[in-house]
Amino acid sequence: MSRIAFVGLGNMGGGMAANQARAGRQVLAFDLSDAALARAADAGCTAAGSVAEAVSQADVVITMLPAGPHVRKVYEEQVLPNAKAGTIMVDCSTIDVETARAVAVQVKAAGYRFADAPVSGGTAAAEAGTLAFMVGCEEADFPIVEAILEPMSRATLRAGDHGAGQAAKICNNMVLGISMLAVCEAVALAEKLGLDPERFFEIASKSSGQCWSLTSYYPWPGPVPAAPSNRGYEGGFATAMMLKDLKLAQDAAAKAGAATPMGAQAEGLYALFDRLGAGGKDFSAILQLLRGRLDEIGLAGKA
Ligand code: NAD
């Protein structure tokens with residue numbers, strides 16, 4: 001693989017860029033944050049002074065930025081005016097489908113190839129190189145995109161054409177947000193009915209209530225040792241991130257005319273939880289809101 005310009009070295013991008021360097025690729029890294037840039041340099045990347053400097057020397061551009069407006073601006077103002085002929089550009093940020101498609105149109109019009117490739121898996125998977133990528137790109141470009149993503153990935157799947165990767169990501173995370181709420185409601189009800197939540201886990205994990213939120217991220221501490229519920233809901237997938245993805249799903253549903261009433265409820269509940277100060281807690285902590293026990297996660301008194 002030739003030279004990679006990696007833009008956005010935050011919680012996710014930092015680990016991802018490091019894995020590209022670890023795989024022996026030359027990574028020209030840039031972030032607005034000096035601290036993030038210094039961490040990338042320690043991990044074997046070459047710190048660039050600007051997006052333009054990184055992009056002008058690269059054959060591949062990977063971006064991992066906070067949201068749609070950042071992606072649009074960085075591509076329009078910095079990536080496209082400075083890229084070399086033949087460059088392929090892969091945006092791994094989670095953004096709205098409309099922006100992903102608009103950026104793809106701009107990139108193609110300028111003569112380059114583009115893929116939207118959002119990820120599933122949090123910072124631990126970014127560090128370990130075990131992310132799942134959902135890719136929207138032209139079919140002919142997929143093998144090269146897959147090869148680019150390989151050092152950061154445990155699975156890379158093509159969802160369809162431009163924008164389909166983002167569509168897959170927000171639909172998947174809408175399932176996740178809704179299913180976590182369903183598990184939390186059931187745990188809170190089990191407790192009220194005098195059923196031990198640990199015993200409920202043993203039964204539901206072997207019954208038709210079984211799902212990822214239950215078996216991998218059980219919100220009650222104990223039955224799933226690796227779940228964030230065992231470490232005060234620290235780490236994991238932040239409530240604020242889940243809220244962002246549910247908002248993207250609701251915006252997309254409104255534009256597409258899709259009925260997503262459960263997604264809307266989930267967005268409302270996570271917005272409330274976020275407003276109560278839980279934005280940084282793992283999203284499974286919403287159990288404590290449903291139990292009326294925000295005090296257990298250090299927020300206010302007993303609700
Ligand atoms: P982050 O805020 O930690 O990192 C974003 C980085 O982009 C920051 O370091 C910021 O300085 C940099 N940046 C912003 N504008 C820039 C610009 N113009 N030029 C260069 N750098 C710029 O966010 P994150 O947690 O790394 O998430 C990145 C993306 O990945 C988001 O879209 C998020 O939704 C998605 N995502 C995050 C997770 C997670 O668990 N954190 C999981 C899956 C997907």
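What counts, and where the lines are drawn
Residues numbered from 1 in each chain as written. Predicted model: local features only at pLDDT ≥ 70, side-chain atom pairs only at ≥ 80, totals over all residues. Heavy atoms only, no water. Helix = DSSP H or I, 4+ residues; strand = E, 2+ residues; numbered from the N terminus. Areas by Shrake-Rupley, 256 points an atom, 1.4 Å probe, with all protein chains shown as cover. Lys, Arg positive; Asp, Glu negative; His and termini not counted. Charge placed at Lys NZ, Arg CZ, Asp CG, Glu CD. Buried < 20%, exposed > 50% of the residue type's maximum accessible area, 1.4 Å probe, protein only. Polar contact = N/O pair within 3.5 Å; in protein donor to acceptor, adjacent residues only side chain to side chain. Contact = heavy atoms within 4.5 Å. Domains from an automatic or database assignment. Buried area = accessible area lost by both parts, 1.4 Å probe. Salt bridge = Lys/Arg side-chain N within 4 Å of Asp/Glu carboxyl O. Nonpolar A, V, L, I, M, F, W, Y, C, P; charged D, E, K, R; others polar. Near = heavy atom within 4 Å. Phe/Tyr/Trp six-rings, centres within 6.5 Å; stacked < 30°, edge-to-face > 60°.

## Quick notes on the overall build of the protein chain
Point 1. Secondary structure assignment for the protein chain yields 13 helices and nine strands.
Point 2. Dimensions of the protein chain, computed from the C-alpha atoms along their principal axes, are close to 65 × 45 × 35 Å.
Point 3. On the protein chain, roughly 13,100 Å² of surface is accessible, and the fraction owed to carbon and sulfur atoms is 55%.
Point 4. Charge centroids of the protein chain, computed over 25 positive and 31 negative side chains, lie 2 Å from each other.

## Structural notes on the side chain of serine 93
Point 1. If you trace the backbone, serine 93 turns up in the loop between strand E5 (88-91) and helix H5 (97-109).
Point 2. Judged by its relative accessible area of 1%, serine 93 is buried.
Point 3. A distance of 2.9 Å separates a polar atom in the side chain of serine 93 from the backbone nitrogen of leucine 65.
Point 4. Looking at serine 93, its side chain comes within polar contact range of the side chain of aspartate 91, at 2.6 Å.
Point 5. Ignoring sequence-local partners within four residues, the contact set of serine 93 consists of Thr63, Met64, Leu65, Val71, Pro118 and Gln166.

## What about the domain arrangement of the protein chain?
Point 1. Splitting the protein chain by domain gives domain 1 (3-161) and domain 2 (167-297).
Point 2. Here the C-alpha centre of domain 2 lies 29 Å away from the C-alpha centre of domain 1.
Point 3. With 12 residues of domain 1 at the interface, the matching set in domain 2 holds eight residues.
Point 4. When domain 1 packs against domain 2, close to 810 Å² is buried across both sides, 65% of that on carbon and sulfur atoms.
Point 5. Counting the contacts that link domain 1 with domain 2 gives one salt bridge.
Point 6. The closest approach of N and O atoms between lysine 255 and glutamate 98, which form a salt bridge, is 3.6 Å.
Point 7. Among the secondary structure elements, those contributing two or more residues to the side of domain 1 that touches domain 2 are H5 and strand E7 (119-120).
Point 8. Residue composition of the side of domain 1 that touches domain 2, grouped by class: eight nonpolar, two polar and two charged.

## Quick notes on the pattern of salt bridges
Point 1. For the structure on display, the rule yields 12 salt bridges.
Point 2. Here glutamate 191 makes a salt bridge to arginine 291, at a shortest N to O gap of 2.7 Å. Of the two residues, glutamate 191 sits in helix H8 (residues 164-192) while arginine 291 sits in the segment after helix H13 (286-290), which places them 100 residues apart along the sequence.
Point 3. With a relative accessible area of 31%, glutamate 191 lands in the partly exposed category.
Point 4. Between arginine 199 and glutamate 202 there is a salt bridge whose closest N-O contact spans 2.2 Å. Of this pair, arginine 199 and glutamate 202 both sit in helix H9 (residues 197-204), separated by three residues, roughly a single helical turn.
Point 5. On the basis of relative accessible area, glutamate 202 is assigned to the partly exposed category, the value being 38%.
Point 6. One continuous salt-bridge network, built from bridges that share partners, spans Glu191, Arg291, Arg293, Asp295 and Glu296.

## Overview of the site of the ligand
Point 1. If you check the shell around the ligand, you find 21 residues, and the closest are Asn11, Met12, Asp31, Pro66 and Lys244.
Point 2. One of the backbone N or O atoms of methionine 12 is found 2.8 Å from an oxygen atom in the ligand.
Point 3. Within the backbone of leucine 65, an N or O atom sits 3.0 Å from an oxygen atom of the ligand.
Point 4. Expressed as a share of its isolated accessible area of 830 Å², the protein-covered part of the ligand is 85%.

## Notes on the packing of aromatic side chains
Point 1. Under the criterion given, the structure shown has six aromatic pairs.
Point 2. Measuring from ring centre to ring centre gives 6.0 Å for tyrosine 217 and phenylalanine 283, while their planes differ by 45°; the resulting arrangement is tilted. With tyrosine 217 in the loop between helix H10 (212-215) and helix H11 (239-256) and phenylalanine 283 in the loop between helix H12 (261-278) and H13, the pair connects residues that are 66 residues apart, well separated along the chain. You'll find tyrosine 217 and phenylalanine 283 in the same group, each marked buried.
Point 3. Each residue in the set Trp212, Tyr217, Phe237, Tyr270 and Phe283 is aromatic and connected to the rest through ring pairs, giving one cluster.

## A short note on unusual backbone geometry
Point 1. The backbone phi angle of tyrosine 233 is positive, close to 60°, even though this residue is not glycine.
Point 2. Position of tyrosine 233 relative to the elements: it lies in the loop between H10 and H11.
Point 3. The exposure class of tyrosine 233 is buried, given its relative accessible area of 4%.

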